[in-house]
Every structure is written in structure tokens, then in C-alpha cells.
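Understanding the architecture of this molecule
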Amino acid sequence: MLTARFTPPAVPELLVHRPELLGRLAAGARGPLTLVNGPAGSGKTVLAAHWAADRRAPRPPMWLTVEPDDAPGAFWAYVLEALHRGGVTLPPEVGMPARAEGVTRSFLVRLADGLAASPQPAVLVLDQFDTARPPATAEALDFVLRHAAGGLRIVLTSRSDPLLPLHRYRAAGEIVEIRHADLRFTHEDAEALLGEHRLDISQPGIRRLMERTEGWAAGVRLCALAMQRSADPEAFLRQFAADRTTIAGYLLAEVLDAQPPPTQDLLLRVCVTDRIHPDLADALTGRDDGARTLAGLARDNAFLEQVDASAWYRLHPLFAEVLRAHLRQRCPGLEPRLHGRAARWLAGTGRLTEAVLQGAAAGDWPFAAAQLVDNLALGRLLTGMEADRLGRAFDGMPPGTAGAAPALVAAACRTAAQDPAGCEDALRRADAALTDSSGPAARLGRAFLGVLAGRAAGDLAAAERAAVDADRLLGELPPALLAARPELRALLSAHLGAAELGAGHLERAGATLTAAVAACGPQGAQHPGTEHPGTEHPGTEHPGTEHPLCEALGSLALVELLRGRLRRAAEHARACLAVAERSALPPERRAGVDHLVLAGVAVEQDDLPAARHHLDLAAAATGVRPDPATAARAAVIGARIALAEGDADAALAALHAVAVARLSDRVAAELAVAESAVHLGRGDAEAALKVLDAAAADGPERAVARARALLALGRGACAAQALEAVPAAGDDGDAPATTVRAHASLLRAQLAEEDGDAEEARRRLAEALALARPEELRRMFVETGPWMRRVLDRDPASARLHGWLTPGAPVRTARAARADGRPPVVEPLSAREVEVLRKAAEMLSTEEMAAELFVSANTVKTHLKSIYRKLCVTRRSDAVHRAQDLGML
């Protein structure tokens, strides 16, 4: 007999100590059965050997490595030898198996009796028990275990569940199980192992390693060894390819080659998809054994697992990567054909995104593009969680690919990349390819992109024409298809409304954007000020509309800001932030319009710390500005804040950085008004008047700005004449904003004061204050300089009545800056975030918090990021202190 089979393998010199698992093994050895179950390389044998070498048990465990060719009789002969070598003395009448093919029941009875009579239980490790193929071996082992009266305790290591009646052991509480999930290395385990290898790897590098290996112990060990040989270990982690490392050799030899040829063929074919359904496997192999083979592989822990008890399976990503590399070497040219088959099966079962990705991977661009066009899903290239993934899928599509669908997809991709010229070129190709026989879906796709292109180009007429076409084509489409795409109408309205906003038609934009919000379903209709009769959908949810809802709410907030309705603007902006948070909109998709509006509100209310804070957050948003008009308005708000902070040069720089080529006259006039205010702030009234006179568009805002400049130049009569262009009342339609009317009244009061008409001055000032108070418009009064203070000093009653003009007064309802100079909380913390913050206050690590809250570490990190944003901090300790200051903890 081979001595090596009775000796535990040597424990690796560089070892990760896992006391919790060793403790579970020790506890299991106090009962009849312990099962250590996991795939190849998961550390089963290393763990058992480490425990066997620990030597803290009264009697060291005995060891037997099971071999595939062990027939039942031979197996029991080896068991007797292991017991003998471990010092277990059995009665002579137990005897030996008479033949290799099997043992008699009388032998098993004698053996069980002998073990039962032993003064001390025998603990036997059966390593690689899954190789014991004959069912008779497992049945006999179960018999001895149940009749040895506690005299035998077994520790099994196995890649698959043994043919023992595990349910009985579980029901009796006589089994301890350590499975794959328990054996996976944690982040700390990997960090410790890399440290043992004297590798100083960054935390992002370790996270990358864990993502690639999913905690597979052998994968982590093999990577550590490879990194030791690499001149730049961090670069190895970033670049290592599965087909060039020892990991590939290990997986191919230990997992793939261990399977029969038909199973190897199936694995090589199904590796082209992220998820595998048995029917999809059959479609890829042309056979009908997918269900049976996949179930067997999952049962055997062959780096394939069932997804959430569904009919779907997934390969370990590293194994899938190795298989794909092997497929390309072994069967050149087969991979694209498999992608094509998978694409059609997925499309036939309604899995649109996966079908598109597989079609693109096959290089079948007409098929992949047609999936998006025919299913009215072009919007998915622009918004949503899958936008980046779908966009990257078409990166390889050759320019000029023939067909209307590829041209429309190219136009959508160019729109997402903020490339108006590229979009227009692709749309021209689409127009050339579309014919009278083209279906309504393709023509609707063209109209949809026409709305977006019109918005991006600042061409409202083009956007409106496209919107009319889209509205007509919507009626030609099957209602069931439209019902499956609730985001389509919302996107159309959101972009049309934004185009109207860009052209300065605030009233129309407000109505269209309100309709867009309402089209998003109950989640949109619940926002105040967005009631839109006829568009409510009581009792229904509209999944997939979160992103158009964000888009519409952000634009609507900007509309209200420009109308001077600061409270409503702030409500929409905060609602936009909440939707983005709830839908986990990635930062690269956030344009920051919500924070921009909050900055604009804060500066008009003279809350400069909050204004700067929100402007910084808006600037930090990595998403690009959706159109030139929004970028221009961002510059105006930034200039207002810079001027209020006393930095006129920065204010002018912000305004002069705007490209005016694609701006409407109205938006260009907004820039001119902002620039005139900067010149006035520098005491250069001539320059202020000059920039206004050069503006093409007229309007009440420009009239007020001209009056202000003329007043500064001492030309009171001309200033009064300029103010005649400002309507005195009415806030409906495209009437002057509240801010404009209040400012006009304030200027009239100053003019009356200069004329010596104290009564008129008092009346006009009261009028301005009455208009400004509901929205707490303080900034315009601050900009009058000492004049306002002198007026209030002469009229103590009025000063008391309008105490809200003083920063920090009790009537102040805007979110005030705190005494520590930091802005207040934008949104309240959710209940879950408060729980996480409490755990952070207890100095728990991320993993400890995750364990106590029964969530993943990534979930805890997501909550922490949200907490940091809401509390305006960047560190955990600061978040705790700030929450304590605010009374949240």
C-alpha cells in the first residue's frame, strides 16, 4: 500500500490562516460527519491538512486519499490500514475484505461493532471522496457510520455531494458542512496571502484580483506566484490574459480535461454567453443533453453554478475567459458563429439586450441594430443602466454599414457621444436608406433621433417637426409594443421640452416637461407641480422611466429657476436628485443640472456657501451638458456666484468661455445680461450698457438690465423709459419672471428716490419686497449697495417687517449655511443609511457592518458614498461628526 495515501499533504509554507473554518472542522469532528465541498482549487485539502496538522485534538485524525480506481473492497482495505496506522486496534474477528469488488454485510457489521467498542472515537479524513465512484462504497460507509455508535467520525472532502443520505444527517443535526461560499477567499484573506508572498498590492489591485477570481483560492495563489515573477505586479493584475497564465493550464487540466468529450464540447460552446439556459445550450451544441449536462456540472462544482435557483447557469468568469481563449485556439472561426446562434435564440425569447450584445459580438451589425430599432429601443443607447454596455457593443461597427437600422444606431451613438456632426451624417445615411416600405418602427426611430438632433443643434423648428412625425407614427405601432416601451413617450417629451427651454420658450417648455414627468407614471406624477390631466396612469408602474424622469425634472427645475419660482425649482431639483439616487444613475450619466439649479436658487437667496457648494457638485458631475443652452445657463449661474463672491474676473471668464454659435438669441441675451451685471459690479456702467445694446434679442430681462446700467450712469429718465418695457403684473404665460418684476420695482423705487418722491419710492420698494419675499430673493437687494440699508434705517417698521432680508433671520426658509461654514444637508438620510452611519460610529469595518446588517460589503460602500454626498463630507469620521452635529445620531 502506498504510504503517501495515508499521509496528509504538507501544508503550504505560505498559508492563509482561517481560524473560523478550522473551528468548524473541529466542531464537526465531534459528530459523525463533516463535509468539505467545493470545486477544484477551492482549498478543501489544504484546509483539512492544516486542521490535521494542528494536533490539538486528543487523537490526531487519520488520513486516506481516495483514488478513482478504488473498488469497494479495496477502499475498505485502505480504511482498515488507515485505522491501523492511526493506532486504532480492532478485534481480530473484523477480518479483511475477501475481494476487491465488494464487501459483505457481515464484514461491515463486524467493523462497526469493533469501532463501537473502541475506547476513543476514530476520526478519519477521506480526501477526494468524490472519486469513489461505486455507489456501494457510499452505502457501506453510511452503514458503518450509523452503526458504530459514535466510534467513527468522518471528514469528507469532495467536489460534489457524496451519495450519502445527507438529508438524514441534516435532520438529525449530525453533519457540519463547509461549502464553496465558505471556502472563497475574502478580501482580507487575499491581502494576507499577497503579504505572505511579499507583494505590496494596492487596495484597488486587490479588489481587481477578487473580481477576476471571485475568491477562488487556487486562482489567488496562482496569481500571487505569477506576480512574484512579474516586474510590475500591479500591471500584471491589469493585463493578465487567461490564455497566457498558469491559471489557464490549471483550469484546462483540472476541470475541462476531467470531463467526457461531449461535456467538453458543450463547455466550449456555451462559454460565449454570460448566462446559460439549457435550451440555449442545446441551440449551441445541436444536441438535447443541455439540461442534464449543466445540472451535472453544477452538482460537481465544475466552475458552473445555478443562478438563484432558476433555470439559468453561469460559468465562473475566469473559467469562461479561459474557455473562450481555448475555443479560439482550438476551433478558429467557430466563436462568431456561436455568437450568432446565441443572438437569435435570445431574440426569440425576448431578451433584447443580450441578443443585441451577442449579435454585435458576431459582427452581425444589421441584426444587432434591427433589434434596437424594431423594438423601439434606440433610447437605450442614450439612457439607462445598459447605455454604456450597448454603446460599446457597436464600437466595432464599420463606418457606413449599409441599412437604415445600422445608420440609426450610429446616429444614436453619435448623439450619446455629443457629436452633432457625426449624428447628422448618420441621419443622412438613414434618410437615404429609408423607403416608403420601411416600417413605422424605423421611421419612428428616425423621428425620435430628429428630436434629439434638433435639441443638440439648438434648432427648435427641426425638433418640433420631428416630434410631430413621432407623434403620428406612435399611432401606427402595435399598442402592445408601445406598452412595453413606456420610456419612449417620456423621452420624446423630455427632449422636446428641453429644446423649447433652450430656445427660451419657458411656458411651452414647462408644459411639455410636465407632460414628460407625468408620462413616467406614478413616480413622476407624485412630484408637486407636475400635475398633467390625462396622463396619469393610476395603479401602474413604468419601469425603465427613471432616466427620462431625471432628465425632465432637471430641465423643469431650470425652467422654474428662470421663471423666478425658486421654491418650485428647488423642489424639482431635489426630486431629480432623489430619483437619480434611487435608480443608481451612475455619476458619468449625471449632468449636474439638479445641483446647478440649487446653486442658482441659493445665489438669488444670497446663500453663497450653499451656492458654491452646489456649483462645485454640478461641476464635478462627469456627465456632459446635454445641450449648448444648458451649458450657457451654467456659465450664467457660475458668473453670478463668482461676482457675488467678489471675483469679477472669474465671472467674466466663465461667460466668455461659452461658445455662442448654436445659441438662440434669447439665451445669448441671458449671457449679455449676466455680463452687464459683472461690468456693473466692477463699476463700469458704460461697458454694461454696451454689451446689452449689442444683444440681438429684446425682452424684460434685458430692459431691467439696461435700466440698471442707465441708472448707474445717472441717466434716470432713460432708465425709467427702459422700464416701461417691463409689464407690471401677471406671472402667467411667458410673462416676466418674478425676479424680473421685483427687480423692476426696486429700480423704480430708486428712481423715485432720486426724483425726491419719497412716497412713490416707499410704494415701489414695498411692491418689490412683496414680490421678493415669497421666494426670499435677497441678492438683488444686496446689489443695491448701501441704498437699501439707508432706506430701512429710515423706516424701522419696514425693517422689522422684512427681517427675512437679514441672513439668518427666523423667517429664512432656504437651507442656510451652518455656523461651521458648510452647507446643510441636501436630502435626509434614509433609514438604512442611518443604520450604516450608526455602525460607522461604532468603528466597525465595512465588512463588519455588512455582516451585522446582512448585506454585502459593496452595498455598505454604496450607502457610505450616498451618506458622504448628502452630508457634504469625504471621510467616514467626518460623516459621523457631522451627523452628530446635525442631531442625526
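Structural notes, computed from the coordinates.

The rules behind these values
Counting starts from 1 at the beginning of each chain's written sequence and moves along it residue by residue. The predicted origin of the model limits local features to residues at a pLDDT of at least 70 and limits the giving and counting of side-chain atom pairs to 80 or more, whereas totals for whole chains, interfaces and linings rest on all residues. Excluding hydrogens and water, the side-chain values take into account all heavy atoms of the structure. Inter-axis angles, ranging from 0 to 180 degrees, are taken between N-to-C directions of lines fitted to C-alpha atoms, where helices are fitted over the stretch in contact. The helix and strand labels rest on DSSP assignments: H or I over at least four residues marks a helix, E over at least two residues marks a strand, and numbering proceeds from the N terminus. Angular relationships are summarised with four words: roughly parallel below 35 degrees, roughly antiparallel beyond 145, roughly perpendicular across 65 to 115, and oblique for the angles in between. Take the far helix as your reference; a near helix turned counterclockwise from it by less than a right angle gives a left-handed crossing, and one turned clockwise gives a right-handed crossing. Contacts: residue pairs with any heavy atoms within 4.5 Å of one another. When DSSP finds at least two bridges between two strands, those strands are taken to pair. Accessibility here uses a 1.4 Å probe with only protein chains present; expressed as a share of the type maximum, an area under 20% marks a residue as buried, one over 50% as exposed, and anything in between as partly exposed. Basic side-chain nitrogens of Lys or Arg form a salt bridge, by our definition, when they fall within 4 Å of a carboxyl oxygen of Asp or Glu.

1. Focus on the packing of helix 31 (residues 593-604) against helix 32 (residues 608-620)
- Where helix 31 contacts helix 32, the axes come no closer than 8 Å and their chain directions differ by 160°. Taken together, the axes of helix 31 and helix 32 are roughly antiparallel relative to one another. Classified by chirality, the crossing of helix 32 by helix 31 is left-handed. Of the residues in helix 32, those touching helix 31 at His595, Leu596, Leu598, Ala599, Ala602 and Val603 are Leu608, Ala610, Ala611, His614, Leu615, Leu617 and Ala618.

2. Comments concerning the sheet that holds strand 4 (residues 152-158)
- Reading across from one edge, 2-3-4-1-5 is the order of the five strands in this open sheet, with parallel pairing throughout. Two strands bound the open sheet, and with one partner strand each, they are strand 2 (62-65) and strand 5 (175-178). Going across the sheet, the axis of each strand differs from the next one's by a mean of 15°, ignoring polarity.
- In the sheet, strand 2 pairs with strand 3 (residues 122-127) via four bridges, with the strands oriented parallel. What sits directly across from Leu64, in strand 3, is Leu126.
- Across the face of the sheet, helix 1 (residues 19-28) comes into contact with strand 1 (33-37), strand 4 and strand 5 while running at roughly 155° to strand 5.
- Docked against the sheet, helix 3 (residues 72-85) engages strand 2 and strand 3, running at close to 155° with respect to strand 2.

3. Observations regarding the environment of Ala688
- With respect to the helices, strands and loops of the structure, Ala688 is situated in helix 36 (residues 685-693).
- By relative accessible area, Ala688 is classed as buried at 0%.
- In the structure, Ala688 is positioned 12 residues away from Ser676 in sequence and 3.9 Å away in space, judged by C-alpha atoms.
- Once residues within four sequence positions are removed from consideration, Ala688 is found in contact with Ser676, His679, Leu680 and Ala709.

4. A word on the pattern of salt bridges
- Counted according to the given criterion, the structure contains 50 salt bridges.
- As a salt-bridge pair, Arg640 and Glu783 come within 2.8 Å of each other at their nearest N and O atoms. Taken together, the residues span a long stretch of sequence, with Arg640 in helix 33 (residues 628-644) and Glu783 in the loop between helix 41 (779-782) and helix 42 (786-794) at a distance of 143 residues.
- You can call Arg640 buried: its relative accessible area is 18%.
- Each of Glu604, Asp606, Arg640, Arg708, Arg779 and Glu783 takes part in a single network of salt bridges with overlapping partners.

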